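Given next are the chains, with one letter for each unit.
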Amino acid sequence: MAHQFVKDVYKATRSFPEMERYGLCQQFQRAAVSIPANIAEGYKRLSKQEKLRFMNISQGSLEECRYYILLSKDLEYITPETHDYLNDEIEKVSWYLNAYCQGIINNNGIKD
């Protein structure tokens, strides 16, 4: 789901003005990529603390993207429909990421 969000961010940012290529566009893409990349990296960590640290970084990137979605709409770089679609996607990713974190916290099979 986070991977699909990244693909959709890249698709949406294709139409951003040229002046944003190294500004908002790049920041938005990097933050989006950071979400699944940190989930993947944290997944292989052995301790709860390490896993949760990477999930927290992912959550921070997710919130950064939430802001970029709003800013992109307000600057009229994306349509209201694209805004709503990306916002719905980020909500779903956020819900699953939070649920995964709760699972890590509650799982006694993972080392502390």
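Owing to the predicted nature of the structure, the values given are computational and were not obtained by experimental measurement.

Conventions used here
- Residues numbered from 1 in each chain as written.
- Predicted model: local features only at pLDDT ≥ 70, side-chain atom pairs only at ≥ 80, totals over all residues.
- Heavy atoms only, no water.
- Helix = DSSP H or I, 4+ residues; strand = E, 2+ residues; numbered from the N terminus.
- Buried < 20%, exposed > 50% of the residue type's maximum accessible area, 1.4 Å probe, protein only.
- Contact = heavy atoms within 4.5 Å.
- Areas by Shrake-Rupley, 256 points an atom, 1.4 Å probe, with all protein chains shown as cover.
- Salt bridge = Lys/Arg side-chain N within 4 Å of Asp/Glu carboxyl O.
- Core = buried A, V, L, I, M, F, W, Y, C linked by side-chain atoms within 4.5 Å.
- pLDDT = per-residue confidence, 0-100.
- Phe/Tyr/Trp six-rings, centres within 6.5 Å; stacked < 30°, edge-to-face > 60°.
- Lys NZ or Arg CZ within 6 Å of the ring centre and 35° of its normal.

(A) Looking closely at the overall build of the protein. The helix and strand tally for the protein stands at 4 helices and 0 strands. Secondary structure elements in the protein, listed N-terminal to C-terminal, are α-α-α-α. A burial count over the protein gives 38% of its 112 residues as buried. A separation of at least 24 residues holds for 69% of the contacts in the protein among residues at least 6 apart in sequence. When the accessible area of the protein is evaluated, it comes to approximately 7,000 Å², of which 53% is carbon and sulfur surface.

(B) Spatial organisation of the pattern of salt bridges. Summed over the entire model, instances satisfying the criterion amount to 6 salt bridges. Glu-50 is paired through a salt bridge with Arg-45; the nearest N and O atoms lie 3.3 Å apart. When salt bridges with common partners are traced through the structure, they connect Glu-41, Arg-45 and Glu-50 into a single cluster.

(C) Up close: the nonpolar core. Counting residues in hydrophobic clusters, the biggest one holds 26 residues, and the most contacted among them are Phe-5, Phe-28, Ile-35 and Cys-65. Looking at this core, the elements with two or more residues in it are helix H1 (2-13), helix H2 (24-43), helix H3 (48-74) and helix H4 (80-106). Apart from the residues lying within four places of it in its own chain, the contact partners of Phe-5 are Phe-28, Ala-32, Ile-35, Cys-65, Ile-69, Leu-86, Glu-89, Ile-90 and Val-93.

(D) Main features of the confidence of the model for the protein. Confidence in the prediction of the protein, expressed as mean pLDDT, is 94, and 96% of residues score 70 or more. Within the protein, H4 has the poorest average pLDDT of any element, 95, and H1 the best, 98.

(E) The arrangement of the packing of aromatic side chains in detail. Under the defined criterion, the tally for this structure stands at 4 aromatic pairs. Both rings, one in Phe-16 and one in Tyr-77, keep their centres 5.2 Å apart while their planes meet at 50°; by these two values the pair is tilted. Residue Phe-16 is found in the loop between H1 and H2, and its partner Tyr-77 is found in the loop between H3 and H4; the two are separated by 61 residues along the sequence. According to the relative accessible area criterion, Tyr-77 is buried, its value standing at 15%. Ring centres 5.0 Å apart and planes at 85° place the aromatic pair Trp-95 and Tyr-96 in the edge-to-face group. Taking the relative accessible area as the measure of exposure, Trp-95 reaches 56% and is therefore exposed. Since its relative accessible area comes to 48%, Tyr-96 is described here as partly exposed. One aromatic cluster in this structure is built from Phe-28, Tyr-67 and Tyr-68. Here Lys-51 stacks its cationic end above the ring of Tyr-43, 5.5 Å away from the centre of that ring. Over the aromatic face of Phe-54 sits the side chain of Arg-53, whose NZ or CZ is 4.5 Å from the ring centroid.

(F) The arrangement of the side chain of His-83 in detail. By the secondary structure assignment, His-83 is in helix H4. Classification of His-83 by relative accessible area gives buried; the value is 13%.

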